[in-house]
Amino acid sequence: MFTTYTFSTRECGGLILGGFLKISDLRIKLGSSLKSAEAVRPPQGLPTAYQELNQFLLWGGFPQGGLSLLRAAHGFGATALWVSAARKLTQEKKWVCWLSPSQSLYPLTLQLQGLDLSFLWTAHQPFADKSWLWVLQELMNSELFSFIGCDLAENNFRARQWLKLQKQAQSAQVAIVFLQRKNFSTQSPHCFSLIMEFNQHHINIQRALHRSTPMHLSWRNLHAHFMPQLTPISPAS
């Protein structure tokens, strides 16, 4: 006795299927058209501390091998969301990188939140699109970092520069999260796997591959939890 499948007659990969087929015959006929479980598994992501966001996104967090764009004013939690994903990686002894025009991360508060500073590399320099593009490309070429955060402040790259970064991130399988403090019109939205805007009480997900967007997620509870992480701690009197 054997298991059978019924097919209505149709063409599949150049083969005409119809009637009843044994599983073994089906495998022979379909051949290379069959996909392994690994081939259809969702792409890997870097989880954040925001479980509702992780559950919504196909990757379960920031997409590995893709660009993410977070638009948020200072104090709205975008940096903290990046830190929450970076923390887990540093605890696994993996390097992460933060690039910004000025100092915007406070070592003591990061350490108190469990981020291993010995696996955090930071760089600070005034923004210039060509030099920052070169720095990001070199960071990916180093094969040292799997996760990079980049605070653009009120700056932006050109469309062709975004495309270069997108292609290299995909090739190197590096997750890069860009923060923008000014709401630019996105010149090349197709270059980003994920685009989110942060408001006082919710996150507006404008683009997320293989998901219905726009999507609004409540941000209030996690926003309140994250803010102390990025606030300098006053010395004891």
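Above this text you will find the structure in question.
An account of the accompanying structure is given in this report. (Residues numbered from 1 in each chain as written. Predicted model: local features only at pLDDT ≥ 70, side-chain atom pairs only at ≥ 80, totals over all residues. Heavy atoms only, no water.)

## Regarding the pairing of strand E10 (residues 194-198)
Using the following cut-off: Think of it in three bands: residues with accessible area under 20% of the maximum for their type are buried, residues over 50% are exposed, and the middle band is partly exposed, with areas taken using a 1.4 Å probe on protein chains only. Counting from the N terminus, the helices are the DSSP runs of H or I reaching at least four residues and the strands are the DSSP runs of E reaching at least two. Only strands joined by at least two bridges in the DSSP assignment are considered to pair.
Of all five residues making up E10, five are buried, and the element is well covered by its neighbours. Where strand E5 (residues 67-71) meets E10, four bridges bridge the pair, whose relative direction is parallel. Looking across to E10, one finds that Arg71 is bridged to Glu197. As paired strands, E10 and strand E11 (residues 202-208) are joined by five bridges and run antiparallel to one another. Each bridged residue has a counterpart across the sheet, and for Leu194 the counterpart in E11 is Ala208. Between E10 and the antiparallel strand that follows it, E11, lie three residues.

## A few points about the sheet that holds E11
Stated formally: Axis definition: a line fitted to C-alpha atoms, limited for helices to the stretch in contact. Angles are taken between N-to-C directions and run from 0 to 180 degrees. In what follows, a contact means two residues having at least one pair of non-hydrogen atoms within 4.5 Å.
Read across the open sheet, the eight strands follow the order E7-E6-E8-E9-E5-E10-E11-E12; overall the sheet is mixed. Both outer strands of the open sheet, strand E7 (120-124) and strand E12 (215-218), are each paired with one neighbouring strand and no more. Each strand axis lies, on average, 20 degrees off the axis of its neighbour in the sheet, ignoring direction. Relative to the sheet, helix H6 (residues 129-141) contacts strand E6 (95-100), E7, strand E8 (145-151) and strand E9 (175-180), its axis offset from that of E8 by approximately 165 degrees.

## As for the packing of aromatic side chains
Any pair of aromatic rings gets described here by the distance separating the centres and the angle formed by the planes. Where we set the bar: Only Phe, Tyr and Trp rings are paired, with Trp represented by its six-membered ring, and only when their centres lie within 6.5 Å; those with planes under 30 degrees apart are stacked, over 60 edge-to-face, the remainder tilted.
Under the counting rule described, the total for this entry stands at twelve aromatic pairs. Each ring, one from Trp95 and one from Phe119, has its centre 5.5 Å from the other, and the planes form 65 degrees; the classification is edge-to-face. Of the two residues, Trp95 is situated in strand E6 and Phe119 in the loop between helix H5 (107-112) and E7; the sequence distance between them amounts to 24 residues. On the basis of relative accessible area, Trp95 is assigned to the partly exposed category, the value being 28%. Overall, Phe119 belongs to the buried group, its relative accessible area being 16%. In textbook terms, an aromatic cluster arises when at least three aromatic residues are bridged by ring pairs, as seen for Phe127, Trp132, Phe157, Trp162, Phe178 and Phe192.

## Considerations on unusual backbone geometry
Omega for the bond connecting Thr213 with Pro214 falls within 30 degrees of zero, at 5 degrees, which places this linkage in the cis form. Along the chain, Pro214 turns up in the loop between E11 and E12. Phi is positive for Lys93, which is not a glycine, with a value near 65 degrees. With respect to the secondary-structure elements, Lys93 resides in the loop between helix H4 (78-91) and E6.

## Notes on the packing of H6 against helix H7 (residues 159-172)
The following threshold applies: When an angle is under 35 degrees it counts as roughly parallel; over 145 it counts as roughly antiparallel; between 65 and 115 it counts as roughly perpendicular; any other value is oblique. Polar here means any residue other than Ala, Val, Leu, Ile, Met, Phe, Trp, Tyr, Cys and Pro, which are nonpolar, and Asp, Glu, Lys and Arg, which are charged; Gly is therefore polar.
The interhelical angle for the contact between H6 and H7, taken along N-to-C directions, is 5 degrees, at an axis separation of 10 Å. What the angle tells us is that H6 and H7 run roughly parallel. On the side of H6, the interface is formed by Asp129, Lys130, Leu133, Leu136, Gln137, Met140 and Asn141, while H7 contributes Gln161, Lys164, Leu165, Gln168, Ala169 and Ala172. The residue makeup of the contact of H6 with H7, split by class, is six nonpolar, four polar and three charged.

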